[in-house]
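One-letter residues, chain by chain:
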Amino acid sequence: VLNQYPQGDFLLGKPIAALAVQEWLKVEANRAVLPNIQWLIDSLERFNEYTQLAAQFKVTLRVNFEIDVGLHRGGFTQMEGLANVVKAAKANAQLHVAGLMGYEAHIGKMPSLLNMQQRAWDTMHATYQQALTILEKEGYDPAQLTLNAGGSPTYTLHTQRPTLANELSIGSAFVQP
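Residues numbered from 1 in each chain as written. Predicted model: local features only at pLDDT ≥ 70, side-chain atom pairs only at ≥ 80, totals over all residues. Heavy atoms only, no water.

> How should the side chain of Q38 be read in this particular structure?
Here Q38 is to be found in strand β2 (residues 37–41). Of note is the side chain of Q38, whose polar atom sits 2.9 Å from the side chain of N64. Discounting chain neighbours no more than four positions away, the residues touching Q38 are D9, F10, L11, L12, R62, N64, A98 and T146. (Helix = DSSP H or I, 4+ residues; strand = E, 2+ residues; numbered from the N terminus. Polar contact = N/O pair within 3.5 Å; in protein donor to acceptor, adjacent residues only side chain to side chain. Contact = heavy atoms within 4.5 Å.)

Dropping the structure here:
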């Protein structure tokens, strides 16, 4: 994809195992595209692994933190844990904080009955705001971050309701029309 879109800025949609990233980084040519990739970090363990890889290969990695906004597929569930990782990333010159991902595809499947969809949206939005506040307290400007959300079932909701997202993922809309 980077060969076809060299100007692109790509947030990987799932966390990649450190061993796979290590093998990829062994290829010198791959390192040239690192400024175009945002690696998804979903846990302290993965953060530590990526920190070690950045040191081992003497590269800078752009990291994007996945937060659990209600789908429970992964990501940081505790804001304290996220805050600790953000501080550690800020203190490490080989890591560049690129943003947040809050995947909320579950909301599109929620019934509007009893306002369930709106309540789930409000919970997602509040969680996302808490995470964004952590980044802002560390001096990160939201206008300079990738704030990813959305899934094919929810992308239209971002035009109808308040959203913090500045990027929406709609991959399955292309793969499964």
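> So what exactly am I meant to see when it comes to unusual backbone geometry here?
In terms of backbone geometry, most residues other than glycine have negative phi values and most peptide bonds are trans. Even without glycine at this site, H72 takes up a positive phi of about 65°. Within the element layout of this structure, H72 appears in the loop between β3 (61–66) and α4 (79–90). Even without glycine at this site, L114 takes up a positive phi of about 55°. Following the sequence through the fold, L114 ends up in the loop between β4 (95–102) and α5 (116–137).

> Honestly, the sheet that holds strand β6 (residues 167–168) in this entry has me stumped. Any pointers?
Sheet strands pair by backbone hydrogen bonding; their relative direction is either parallel or antiparallel. Strand order in the open sheet formed by six strands is β1-β2-β3-β4-β5-β6, and the pairing between neighbours is parallel. The strands lining the two open edges of the sheet, one partner per strand, are β1 (10–11) and β6. As paired elements, β2 and β3 share four bridges and run parallel to each other. Counterpart to L40 in the pairing with β3 is N64. Helix α3 (residues 44–57) rests against β2, β3 and β4 of the sheet, and its axis sits at about 140° to β2. (Pairing = 2+ DSSP bridges. Axes fitted to C-alpha atoms, helices over the stretch in contact; angles between N-to-C directions.)

> Sorry, what's going on with the pattern of salt bridges here?
When the charged atoms of two side chains with opposite charge come close together, those side chains can pair. Counted by the stated rule, this structure contains six salt bridges. R62 serves as the salt-bridge partner of D9, at 2.7 Å between the closest nitrogen and oxygen. Of this pair, D9 sits in the segment before β1 while R62 sits in strand β3, and the two are 53 residues apart along the sequence. Looking at D9, the relative accessible area reads 40%, which means it is partly exposed. Accessibility expressed as a relative area gives 15% for R62, which makes it buried. Two residues, D42 and R46, come together in a salt bridge whose shortest N-O distance is 2.6 Å. (Salt bridge = Lys/Arg side-chain N within 4 Å of Asp/Glu carboxyl O. Buried < 20%, exposed > 50% of the residue type's maximum accessible area, 1.4 Å probe, protein only.)

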